[in-house]
Structure formats: structure tokens, C-alpha cells
Amino acid sequence: QVQLVESGGGLVQAGGSLKLSCAASGRTFSSYAMGWFRQAPGKEREFVATINWSGGSTSYADSVKGRFTISRDNPKNTVYLQLNSLKPEDTAVYYCAARGKFTTTYAYWGQGTQVTVSS
């Protein structure tokens, strides 16, 4: 079992930055690949970024590539999402999620943190 708690969301002007954190419980954090997803009002949840168990491999949605950076600190049981050059269309609830190393399904989800970008 993994429990995930996101933090760091808020209101920011277009062009600004935020850093989201996701703290995980348990002693097996490094066993999991981690992902960030987001859901805007009236839209389906979408993939944002993922990082493998060691932090050596990352992948991003085209819409955030070059602006967002995912990273992790395994001793601190934390995954981060640095959001730069924010746009109003980045406004959403951001969720972190965990999946086993050898699975494709994210089994554990946080409660989400709101990011609002004003124009």
C-alpha cells in the first residue's frame, strides 16, 4: 500500500512557476514508478509526466514538454513536478500516482492539488 499526498498548488499568473510535491508513505517508494496527471473542469484526466523508479527515465505529454520537469528523491519518498512558463490552459487539479515497476496501471492516487493560472 502507498499513500500519496500532494502539495504546492496555488494561484499564479501566466508565465509564472510552481513546484508541486507528492509525499509517499511506506518504505518501498523506490519500487514504484511515479506519474503526474491533471484534470481540468469538464475535461477528462490526462497524463502529464512520468518517472521510473530510479529517476533515470522520464516522459512528458507534448503539451508540457520543455516547460515541466518531473523528478524524485527516493530517500525523502517524494516526487516533484516543476511547472514553468505556466499558461491558463494548465489550470487543473494535479494528481500524483504510483505504479509497480513492471505494471502499466497506476494503482495508487493522491487527492490532488489545485493549480490555477490567471491570464
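Scroll up for the structure.
Residues numbered from 1 in each chain as written. Predicted model: local features only at pLDDT ≥ 70, side-chain atom pairs only at ≥ 80, totals over all residues. Heavy atoms only, no water.

(A) Here's a closer look at the packing of aromatic side chains. For the structure on display, the rule yields five aromatic pairs. Judged by centre distance (6.0 Å) and plane angle (85 degrees), the rings of Tyr32 and Tyr108 are edge-to-face. Of this pair, Tyr32 sits in strand S4 (residues 32-39) while Tyr108 sits in strand S10 (residues 108-109); the two residues are 76 residues apart in sequence, bridging distant segments of the chain. Given the relative accessible area of 13%, Tyr32 is considered buried. A ring pair is formed by Phe37 and Phe47, whose centres lie 5.8 Å apart and whose planes are at 75 degrees; its orientation type is edge-to-face. Remark: Phe47 occurs in strand S5 (residues 46-51) and Phe37 occurs in strand S4; sequence separation between them is 10 residues. Residue Phe37 is classed as buried on the basis of its relative accessible area, which comes to 10%. (Phe/Tyr/Trp six-rings, centres within 6.5 Å; stacked < 30°, edge-to-face > 60°. Helix = DSSP H or I, 4+ residues; strand = E, 2+ residues; numbered from the N terminus. Buried < 20%, exposed > 50% of the residue type's maximum accessible area, 1.4 Å probe, protein only.)

(B) Main features of the state of the cysteines. Counted according to the given criterion, the structure contains one disulfide. The disulfide that involves Cys22 links it to Cys96, with 1.9 Å between the sulfurs. As the torsion about the S-S bond is roughly 45 degrees, the Cys22-Cys96 disulfide counts as right-handed. One end of the pair, Cys22, is in strand S3 (residues 18-24); the other, Cys96, is in strand S9 (residues 92-100), with 74 residues separating them in the sequence. Judged on exposure class, the residue Cys22 and its partner Cys96 are both buried. (Disulfide = S-S within 2.5 Å.)

(C) Region of interest: the sheet that holds strand S1 (residues 4-7). If you trace the four strands from one edge of the open sheet to the other, you get S1-S3-S8-S7, paired in antiparallel fashion. Two strands in the sheet have a free side with no partner beyond their single neighbour: S1 and strand S7 (68-73). Each strand axis lies, on average, 15 degrees off the axis of its neighbour in the sheet, ignoring direction. Pairing of S7 with strand S8 (residues 78-83), which is carried by six bridges, proceeds in the antiparallel orientation. Looking across to S8, one finds that Asp73 is bridged to Thr78. (Pairing = 2+ DSSP bridges. Axes fitted to C-alpha atoms, helices over the stretch in contact; angles between N-to-C directions.)

(D) Structural view of the environment of Ser31. As for its placement among the helices and strands, Ser31 is situated in the loop between S3 and S4. Apart from residues lying up to four places away in sequence, Ser31 is in contact with Trp53, Arg99, Gly100 and Lys101. (Contact = heavy atoms within 4.5 Å.)

(E) Fine view of the pattern of salt bridges. For the structure shown, the criterion picks out four salt bridges. Taken together, the salt bridges that share partners define one network made up of Arg38, Glu46, Arg67 and Asp90. (Salt bridge = Lys/Arg side-chain N within 4 Å of Asp/Glu carboxyl O.)

(F) Molecular detail of the side chain of Thr91. Inspection of the secondary structure puts Thr91 in the loop between S8 and S9. Given the relative accessible area of 19%, Thr91 is considered buried. Reaching out from Thr91, the side chain makes a polar contact with the backbone nitrogen of Val117 at a distance of 2.9 Å. Apart from the residues within four sequence positions on either side, Thr91 is in contact with Ala40, Gln114, Val115, Thr116 and Val117. (Polar contact = N/O pair within 3.5 Å; in protein donor to acceptor, adjacent residues only side chain to side chain.)

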